[in-house]
Amino acid sequence: MRDFVLALAPALVLATLGGPSMTAAAQEFNLVIRNHKFEPEEIRVPAGKRVSIYVSNEDATPEEFDSTALKVEKVIPGKSKGLVRIGPLAPGRYEFIGEFNADTAKGVVIAE
Amino acid sequence: MLGALIIVFREVIEAGLIIGIVLAATRGVRERGAWVGLGVGVGTIGAGIVALFAEAISNAFEGAGQELLNACILGAAVIMLMWHNAWMARHGREMAAEMAAVGEAVTTGKRPMTALAVVVGLAVLREGSEVVLFLYGIVATGTSASALLIGGTLGLAVGAAFTALTYYGLLAIPPRYIFAVTTVLIALLAAGMAAQAVQFLDAAGLINVLGQRLWDTSGILPQDGILGRMLHTLIGYTDRPTELQLIAYLATLVVMAALTRVAAPPRSARAAA
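Remember, it's a predicted structure, so these values are computed and weren't measured experimentally.

**Side note on helix 2 (residues 32–52) of chain B**
All names here are of chain B.
Reasoning step 1: In this model, helix 2 (21 residues) spans 30 Å end to end at C-alpha, consistent with the 30 Å of a helix rising 1.5 Å per residue.
Reasoning step 2: For helix 2, the set of buried residues is W35, V36, G39, G43, A47, V50 and A51. Across the axial projection of helix 2, the buried residues extend over an arc of 130°, all falling on one side. Facing away from the buried side of helix 2 by more than 90 degrees, the exposed set consists of G33 and A34.
Reasoning step 3: Residues of helix 2 that are buried make contact with helix 1 (2–25), helix 3 (54–63) and helix 5 (113–141).

**Let's talk about the sheet that holds strand 7 (residues 80–86) of chain A**
Residues and elements named next belong to chain A.
Reasoning step 1: Judged by pairing direction, the sheet is mixed, and its four strands sit side by side in the order 2-1-4-7 without closing on themselves. Single-partner strands in this sheet number two, and they are strand 2 (37–39) and strand 7. Across the sheet, the axes of successive neighbouring strands diverge by a mean angle of 25°, strand direction being ignored.
Reasoning step 2: Two strands pair when backbone bridges link them, and strand 4 (residues 51–57) and strand 7 are joined in this way by seven bridges, in the antiparallel orientation. Within the sheet, the bridge partner assigned to S56 lies in strand 7 and is K81.

**Observations regarding the confidence of the model for chain B**
All names here are of chain B.
Reasoning step 1: With 89% of its residues at a pLDDT of 70 or more, chain B has an overall mean of 86.
Reasoning step 2: Low pLDDT, under 50, characterises residues 269–273; the stretch is placed with two contacts to residues that sit more than four places away or in other chains.
Reasoning step 3: Both scores are given for the predicted complex: the pTM is 0.85, the ipTM 0.81.

**As for the environment of F29 of chain A**
Residues and elements named next belong to chain A.
Reasoning step 1: In this structure, F29 sits in strand 1 (residues 27–34).
Reasoning step 2: Through-space distance from the C-alpha of F29 to that of I86 is 11 Å; in sequence the pair is 57 residues apart.
Reasoning step 3: Those residues in contact with F29, other than ones at most four positions away along the chain, are I43, V45, V51 and I53.

**Concerning the interface of chain A and chain B**
Reasoning step 1: Contacts between the two partners involve 26 residues from chain A, matched on the other side by 27 residues from chain B.
Reasoning step 2: Among the residues making up the side of chain A that touches chain B, the classes are represented as 13 nonpolar, eight polar and five charged.

**Quick notes on the nonpolar core**
Residue and element names in this part refer to chain B.
Reasoning step 1: Grouped together as the largest cluster of nonpolar side chains are 99 residues, with contacts concentrated most on I18, V22, V119, V120, A190 and A194.
Reasoning step 2: Element by element, the count of residues in this core is highest for helix 7 (residues 175–203), at 17 residues.
Reasoning step 3: Beyond its immediate stretch of four places on either side in the chain, V119 contacts I18, V22, A77, M80 and L81.

**Quick word on the pairing of strand 6 (residues 72–76) of chain A**
Residue and element names in this part refer to chain A.
Reasoning step 1: Burial within strand 6 is extensive, with five of its five residues counted as buried.
Reasoning step 2: Burial along strand 6 is two-sided: V72, K74 and I76 facing one way and E73 and V75 facing the other are all buried.
Reasoning step 3: Across five bridges, the pairing between strand 5 (residues 63–67) and strand 6 is antiparallel. Residue E63 lies in a different strand from strand 6, and its bridge partner there is I76.

**Quick look at the pairing of strand 4 of chain A**
All names here are of chain A.
Reasoning step 1: Most of strand 4 sits inside the fold, with five of its seven residues counted as buried.
Reasoning step 2: As defined by bridge partners, strand 1 adjoins strand 4 across seven bridges and the pair is classed as parallel. Paired with Q27 across the bridge in strand 4 is V51.

**Describing the packing of helix 1 of chain B against helix 8 (residues 226–235) of chain B**
Packed helices, taken two at a time, are described by their axes: the angle between them and the distance between them.
Residue and element names in this part refer to chain B.
Reasoning step 1: The geometry of helix 1 relative to helix 8 is characterised by a closest axis approach of 10 Å and an angle of 40° between their N-to-C directions. Judged by the inter-axis angle, helix 1 sits oblique to helix 8. In terms of crossing hand, the pair formed by helix 1 and helix 8 is right-handed. Residues I13, E14 and L17 of helix 1 form the contact with helix 8, whose participating residues are M230, T233 and L234.

**What about helix 6 (residues 145–171) of chain B?**
Residues and elements named next belong to chain B.
Reasoning step 1: With 27 residues, helix 6 ought to run about 39 Å at 1.5 Å a step, and its terminal C-alpha atoms sit 38 Å apart, in line with that.
Reasoning step 2: Inspection of helix 6 places G151, G152, G155, G159 and T166 among the buried residues, and these make up the whole buried set.
Reasoning step 3: In this fold, the buried residues of helix 6 make contact with helix 1 and helix 5.

**Quick notes on unusual backbone geometry**
Residue and element names in this part refer to chain A.
Reasoning step 1: The omega angle of the peptide bond from E39 to P40 is -10°, so this bond is cis rather than trans.
Reasoning step 2: As for its placement among the helices and strands, P40 is situated in the loop between strand 2 and strand 3 (42–45).
Reasoning step 3: In this structure, the amide linkage connecting G87 to the following residue, P88, adopts the cis form with an omega of 0°.
Reasoning step 4: By the secondary structure assignment, P88 is in the loop between strand 7 and strand 8 (92–98).
Reasoning step 5: In this structure, H36 is a non-glycine residue whose phi angle is positive, near 60°.
Reasoning step 6: Examined against the element boundaries, H36 turns out to sit in the loop between strand 1 and strand 2.
Reasoning step 7: Positive phi values are uncommon outside glycine, yet K71 reaches one of about 60°.
Reasoning step 8: When you line up the elements, K71 lands in the loop between strand 5 and strand 6.
Reasoning step 9: Residue K71 is classed as buried on the basis of its 22 C-beta neighbours within 10 Å.

Thresholds, definitions, all that
Residues numbered from 1 in each chain as written. Chains lettered and ligands numbered in written order. Predicted model: local features only at pLDDT ≥ 70, side-chain atom pairs only at ≥ 80, totals over all residues. Helix = DSSP H or I, 4+ residues; strand = E, 2+ residues; numbered from the N terminus. Expected span 1.5 Å × (residues − 1). Buried ≥ 20, exposed ≤ 12 C-beta atoms within 10 Å, placed from the backbone. Arc of directions from axis to C-beta. Contact = placed C-beta atoms within 7 Å. Pairing = 2+ DSSP bridges. Axes fitted to C-alpha atoms, helices over the stretch in contact; angles between N-to-C directions. pLDDT = per-residue confidence, 0-100. Nonpolar A, V, L, I, M, F, W, Y, C, P; charged D, E, K, R; others polar. Core = buried A, V, L, I, M, F, W, Y, C linked by C-beta atoms within 7 Å. Parallel < 35°, antiparallel > 145°, perpendicular 65-115°, else oblique. Left-handed = near helix turned anticlockwise from the far one by under 90°.

What follows is the structure in structure tokens.
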């Protein structure tokens, strides 16, 4: 029994921790931060799927892509790019903000 | 100025709640102030270093460096909290007796403060690096340094007051029960951190299973409100938990309870056999 469990363990680990390469090609979207605003401010993504959003911060200052709805907290340093992985989402609206400039940096992901 | 105040306050209360609990849990331990101070100091320096290398960290591991770092920090904190609770299960009773006998102020300092000092350091590191990056952003956009300083200092002061409030609130609990209460608080704190850690692993793309949302209570108690935030830090409240988060949360509580049982001193020689 013990041998069986030992033999099974690596397989289980692999199955659970399927690395990025094993992910069934997540659909990709692009988002730009410019003058502390998101462009576009609205992204439509397929519901029920994992989605990758490449956020490109063109400002010189860092920004934090923040959304409790999407369960994401990610700092994107100035003049650099960050990858935000979300989903699978139930259909609906999911708001996000740039926490460091919450007055202007607002956007929404619409899953449908 | 207000922006600085709000962000600094928000991050400080998250670390502050943890510090408040640690201080209450180590009531009567000699030199605990030095240990907690060391945790805060090292955590602050660490926060500066993480902020400095934010871009390199972010780009590491195919863009998942930040998520992995967060998951590791939280995972390490969970292990430290488990160690603490196991230790308390073994020695807590003698300590409580000693406290009652000698008076709380002069109990011996023979306790592993390292574990909790590390937890404090990690909490400060995680929240602090965000503060540093945010303040850097403000400076770079040209808000005057004095406004920034006032906002940041006020935020820090209000956050510190909150820490004090947590601490003295917990101290109102009779000494007999304080260990029991802080043990439960620490278990819930660890469970919440574990649930956050698995979400970071999910965001890193390392885990792709059990990501379905179980329920949504954001309409009743939003997690980004002040109460939601505090409960999030304290007991790991999440308004839209995934299956994996709930599993991690419950598993941590089960492991904590099991460790506490295993570590507990035998009631009699017979029970030990």
